[in-house]
Amino acid sequence: MAVFLAILKWIGIVMGGVLGLALLLVVLVICVPVRYYLSGSNRDVLHYQYRVSWLCHVVSVVKKPDSDQVWFRILGIPVCRLAGGSTREQQKNHVEKKEEGKEEKRAAPDAGPERETREGDHRSRTAEDGKKKPQKRKKKKSSGKKKEKRKKSFSFDMLSGIIKFVRDTENRHAFHRIREELRRLLRYLAPRKVKGCFVIGTGDPSSTGLVIGGISLLPFAYQEGIEITPDFNDKIFQADGMIKGRVQVLYFIRLCIRLYRDKELRKLWNNIQKFKKEAA
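Residues numbered from 1 in each chain as written. Predicted model: local features only at pLDDT ≥ 70, side-chain atom pairs only at ≥ 80, totals over all residues. Heavy atoms only, no water.

**Student:** Honestly, helix H8 (residues 263-279) in this entry has me stumped. Any pointers?
**Tutor:** Along its 17 residues, H8 runs 24 Å from first to last C-alpha, staying within 8% of the 24 Å computed at 1.5 Å per residue. A side-chain oxygen of the first residue of H8 lies 3.0 Å from the backbone nitrogen of Glu264; this N-cap is Asp262. (Helix = DSSP H or I, 4+ residues; strand = E, 2+ residues; numbered from the N terminus. Expected span 1.5 Å × (residues − 1). Polar contact = N/O pair within 3.5 Å; in protein donor to acceptor, adjacent residues only side chain to side chain.)

Written out as structure tokens, the structure is:
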């Protein structure tokens, strides 16, 4: 009996440890944010790199600027390659080999007279074969029945029904609620840190001024770390910048719970289903 109780005790300890580790992993996934980093530059050649990491870089997806390979890493050790298969040096060598092959083909001498005689013989043979064996044209079987295409006629009643549905007071409050949630979501997904230096020029001073004036209307141009320099003489676009941010799973769970518990949104969903049935 004592042996049986000891076995049950150890089984309970093992199961408790497994459940505890699973619970800890779930809590880490929900609470620990996923961080992302992106930087790039196109001053001479386009170079960019990015990194998506979780739990202090224990798990990460990394792409370096001197390679097109994307690696999945655990504790900094490359585990598997997700995309890309060559570095920039290998790509340059491949392009150089292609150019050398094209130059060799261009430099190869053409067998002028022999090629012309061969082409003349080939044409004469094809002409004789055409005289001997006239090609028969295949007659397409005409099917008497033609398929009729149904064209859906535009319904003004449908359009007026949609306008009434959107302008309804109950539905209007729900749409306003959705717009507020989208605004919050975009604000949450926006990067926490932004830096960038941009040099913009179209080659024409007037059009360059118009472009810079249009950019100045955007809130993006007034963030800290953003520098935009116009070039009124040359046609140029140079960019050098980076962004950092983070995303937490807990926010999306709270968002789903908040949307599910909202009575106005549930009414809107029921009204949409009724409207679909009536339109059908």
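Now that the structure has been shown, we can carry on.
**Student:** Would you explain the sheet that holds strand E6 (residues 193-202) in this entry?
**Tutor:** Backbone hydrogen bonds hold the strands of a sheet together, and the pairing may be parallel or antiparallel. Strands sit in the order E5-E4-E3-E2-E1-E8-E6-E7 across an open sheet of eight strands; the sheet is mixed. Strand pairing shows two members of the sheet lacking a second neighbour, strand E5 (77-83) and strand E7 (226-230), which therefore form its edges. With direction set aside, neighbouring strand axes in the sheet form an average angle of 15°. Across five bridges, the pairing between strand E4 (residues 70-74) and E5 is antiparallel. Each residue of the ladder has a partner; that of Arg73, found in E5, is Pro78. (Pairing = 2+ DSSP bridges. Axes fitted to C-alpha atoms, helices over the stretch in contact; angles between N-to-C directions.)

**Student:** What is the right way to look at the packing of helix H4 (residues 156-167) against helix H5 (residues 169-189) in this model?
**Tutor:** Pairs of packed helices are described in terms of their axes, by the angle between the two and the distance that separates them. Taken N-terminus to C-terminus, the directions of H4 and H5 make an angle of 70°; their axes are 5 Å apart at the nearest point. One finds that H4 runs roughly perpendicular with respect to H5. Of the residues in H5, those in contact with Phe165, Val166 and Arg167 of H4 are Thr169, Asn171, Arg172 and Phe175. Tallied by class, the residues present in the contact of H4 with H5 amount to three nonpolar, two polar and two charged. (Parallel < 35°, antiparallel > 145°, perpendicular 65-115°, else oblique. Contact = heavy atoms within 4.5 Å. Nonpolar A, V, L, I, M, F, W, Y, C, P; charged D, E, K, R; others polar.)

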